[in-house]
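# Understanding the architecture of this molecule
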Amino acid sequence: MFSNSAEAKDGIETAGEILRFALPAAAAGAALATGDTEGLVQFSKSGAVTLGVTYGLKYAIDAERPNGDDHSFPSSHASTSFAAAEFIRGRYGWSYGIPAYAVAAFVAYSRIESKQHHTRDVVAGAVIGIGSSYLFTSPYNGWQIAPQVGSSFYGVGLSRAL
């Protein structure tokens, strides 16, 4: 697959870059696909706070990246990814939130692995993203689609909270 360690690291970094945008796109896409305009507004508010706090801190705190570049603290990749993951979890439940959190954790890992951030940077980004979505997100009361698996069946369930 990869011929050496440098190519593997480049692959991890590239995957993290792609997933950084894919996760928020999936969160917004889920809201759009379900006609959840309230959720889209909540996600937008969370995103605005996440980016405002993240970039405010990046330019207020003089922190050097492991690779020698500036503006290390906090990681915007981590903050936006975890904001999307927490929105998905808070709005649509843990069955969607667990995979979203796994993707966000990979994005954060990719930033450390590629020497773009220190661990403290991605932890701070995660706290900012989770916190902002937690503040603005309420559970969705529309139709929910979830996989159903039993010892003798499998399928898709449709439910709605009233």
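Look above for the structure.
In short, a report on the structure. (Residues numbered from 1 in each chain as written. Predicted model: local features only at pLDDT ≥ 70, side-chain atom pairs only at ≥ 80, totals over all residues. Heavy atoms only, no water.)

This part covers the nonpolar core. Of all hydrophobic cores here, the largest spans 19 residues; its most connected members are Leu23, Ala27, Phe43, Phe82, Ala85, Phe87 and Ile88. Of all the secondary structure elements, the ones that give two or more residues to this core are helix 1 (5–33), helix 3 (76–92), helix 4 (94–113) and helix 5 (119–136). By residue number, the principal contributor to this core is helix 3, which donates seven residues. Apart from the residues lying within four places of it in its own chain, the contact partners of Ala85 are Leu23, Ala100, Tyr101 and Ala104. (Core = buried A, V, L, I, M, F, W, Y, C linked by side-chain atoms within 4.5 Å. Buried < 20%, exposed > 50% of the residue type's maximum accessible area, 1.4 Å probe, protein only. Helix = DSSP H or I, 4+ residues; strand = E, 2+ residues; numbered from the N terminus. Contact = heavy atoms within 4.5 Å.)

All right, on to a nonpolar patch on the surface then. A cluster of nonpolar residues, Leu51, Tyr55 and Tyr59, forms a patch on the protein surface that exposes about 320 Å² of accessible area. Checked against the element boundaries, Tyr59 lands in helix 2 (residues 37–60). With a relative accessible area of 59%, Tyr59 lands in the exposed category. (Patch = residues over 30% accessible without salt bridge, like charges linked within 9 Å, V, L, I, M, F, W, Y side chains within 5 Å. Areas by Shrake-Rupley, 256 points an atom, 1.4 Å probe, with all protein chains shown as cover. Salt bridge = Lys/Arg side-chain N within 4 Å of Asp/Glu carboxyl O.)

Our next topic: the packing of helix 3 against helix 5. The geometry of helix 3 relative to helix 5 is characterised by a closest axis approach of 7 Å and an angle of 35 degrees between their N-to-C directions. You can see that helix 3 and helix 5 cross each other, and the crossing is right-handed. Each of Ala78, Ser79, Phe82, Ala83, Glu86, Phe87 and Arg89 in helix 3 lies in contact with helix 5, whose residues at this interface are Val122, Gly125, Ala126, Ile128, Gly129, Ile130, Ser132, Ser133 and Tyr134. Here the residues of the contact of helix 3 with helix 5 are counted per class, giving nine nonpolar, five polar and two charged. (Axes fitted to C-alpha atoms, helices over the stretch in contact; angles between N-to-C directions. Left-handed = near helix turned anticlockwise from the far one by under 90°. Nonpolar A, V, L, I, M, F, W, Y, C, P; charged D, E, K, R; others polar.)

What follows deals with the environment of Leu23. Following the sequence through the fold, Leu23 ends up in helix 1. For the pair Leu23 and Val103, spaced 80 residues apart in sequence, the C-alpha to C-alpha distance is 7.4 Å. Setting aside its immediate chain neighbours within four residues, Leu23 contacts Ser81, Ala84, Ala85, Ile88, Ala100, Val103 and Ala104.

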